[in-house]
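# Structure at a glance
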Amino acid sequence: MQQIIDTNLWLAHKRRAFLQPVEGADFLLRRVADDLGDRLSAVERRFSDAATLFCQTASAANVLAASGKVENVTRFEAATDFLQPDQGAVASFETVPVPPESLDLVVSLMSLHAMNDIPGMLAQIRRALRPDGLFLGAFAGAGTLAELRESLLAAETELYGGASPRVVPFTDVRDAGGLLQRAGFALPVADVETTVVRYDTLFHLMTDLRAMGEQSALLERPRRPATRELFRRAADIYAERFSDPDGRIRASFSIVWLSGWAPHPSQQKPLKPGAGKVSLAKVLGDRSG
């Protein structure tokens, strides 16, 4: 698996943001946790043993506990900084440190996009689930920070005749659905919810990204260091292309949601080819009549 993201650097960014919190900077995590509650409320069953994987805060675990549908919740985080005493366990990033078929529910919020081996992580989650166990996950997907990416590329090309990637690549929702199938999940569903946030300038957006711990963590650093001139020109291009009439700029955060079940005989299955009782030709014939 090609290594694209420096996961140690991403975790360092996250730890710094967690230890030096900025009020309101966790708005995206809170929004995703609220969405988790809505999605879990639509599931008509109870879960004995659940785990939250690398969600960075207690929000996901709190949602599960408040749902009344989960008996036991264990948090796994990549560093002790994210945990209160006796609140969970530390695990290596991109691992699921539990025995096979030991969980009924696994939740991962806003960390899959920082992993180099998403297919491998999904396969581990699938193995950790008991038959008919559920996985719910959310991560930043394609379209996230598209405006920032375009502005930086345009500015660097204009100033230097070439550009280096400065925003991490994000997984498309269609590819995400395929990854669920590849990992062996039944009834896989992938959808995307986009939140547009407005800022005064590109610099205010970048301040927020730093407060979130979501600044770039690409393994291959751009050969040309970013300069003030580059950011000033990028800010101008951003304002020219992605501003509202009041002058404020837009920033998109596209959150890909995944859900899938560990296979179980009781689950609904698609019909086999030819198993339908009414032919398409007959339906079309009836309609044409």
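Owing to the predicted nature of the structure, the values given are computational and were not obtained by experimental measurement.

Reading guide: rules and limits
- Residues numbered from 1 in each chain as written.
- Predicted model: local features only at pLDDT ≥ 70, side-chain atom pairs only at ≥ 80, totals over all residues.
- Heavy atoms only, no water.
- Salt bridge = Lys/Arg side-chain N within 4 Å of Asp/Glu carboxyl O.
- Helix = DSSP H or I, 4+ residues; strand = E, 2+ residues; numbered from the N terminus.
- Buried < 20%, exposed > 50% of the residue type's maximum accessible area, 1.4 Å probe, protein only.
- Pairing = 2+ DSSP bridges.
- Axes fitted to C-alpha atoms, helices over the stretch in contact; angles between N-to-C directions.
- Contact = heavy atoms within 4.5 Å.
- Parallel < 35°, antiparallel > 145°, perpendicular 65-115°, else oblique.
- Nonpolar A, V, L, I, M, F, W, Y, C, P; charged D, E, K, R; others polar.
- Core = buried A, V, L, I, M, F, W, Y, C linked by side-chain atoms within 4.5 Å.

## Focus on the pattern of salt bridges
- Evaluation of the coordinates by the stated rule reveals 19 salt bridges.
- Across the pair R166 and E156 runs a salt bridge whose closest N-O atoms are separated by 3.0 Å. With R166 in the loop between α5 (146-160) and α6 (173-182) and E156 in helix α5, the pair connects residues that are 10 residues apart, well separated along the chain.
- Overall, E156 belongs to the buried group, its relative accessible area being 0%.
- One network of salt bridges, in which partners are shared, links R198, D244, D246 and R250.

## Quick look at the sheet that holds strand β4 (residues 103-109)
- Taking strand neighbours across the sheet as the criterion, the 7 strands line up as β3-β2-β1-β4-β5-β7-β6 in an open arrangement whose pairing is mixed. In this open sheet, the two edge strands, each paired with only one partner strand, are β3 (88-90) and β6 (186-199). Averaged over neighbouring strand pairs, the angle between their axes works out to 15 degrees when direction is ignored.
- In the sheet, strand β1 (residues 47-53) pairs with strand β2 (residues 70-77) via 6 bridges, with the strands oriented parallel. The partner of D49 across the bridge, within β2, is N72.
- Contacts between helix α3 (residues 59-67) and the sheet are confined to β1, β2 and β4, with β2 contributing the most and set at about 175 degrees to the helix.
- Together, β5 (129-140), β6 and β7 (249-261) form the strand contacts of α6, whose direction differs from that of β6 by roughly 150 degrees.

## With respect to unusual backbone geometry
- Residues other than glycine seldom take positive phi values, yet E94 does so here, at roughly 70 degrees.
- Structurally, E94 can be placed in the loop between β3 and β4.
- For D132, which is not glycine, the phi torsion reads 70 degrees and is therefore positive.
- Assessed through its relative accessible area of 22%, D132 is described here as partly exposed.

## A short note on the packing of helix α1 (residues 7-19) against helix α7 (residues 202-212)
- Between α1 and α7, the least distance of the axes is 7 Å, while the angle of their chain directions is 95 degrees. The orientation of α1 with respect to α7, classified from their angle, is roughly perpendicular. Contacts between α1 and α7 involve K14, R16 and A17 from the first element and R210, A211 and M212 from the second.
- Classifying every residue of the contact of α1 with α7 gives 3 nonpolar, no polar and 3 charged.

## What about the environment of L209?
- Residue placement: L209 occurs in helix α7.
- The spacing of L209 and A25 is 184 residues in sequence and 8.2 Å in space, taken between C-alpha atoms.
- Residue contacts for L209: discarding those within four places in its chain leaves L145, L148, E214, Q215 and F253.

## With respect to the nonpolar core
- Core analysis: the largest hydrophobic core is formed by 50 residues, its most contacted members being L36, L105, L109, L148, Y199, L205 and F253.
- Among the elements that take part in this core, helix α2 (residues 27-41) stands out by supplying 7 residues, more than any other.
- Those residues in contact with L36 that lie beyond four places of it in its chain are A60, V63, L64, V107, L109, L136 and W257.

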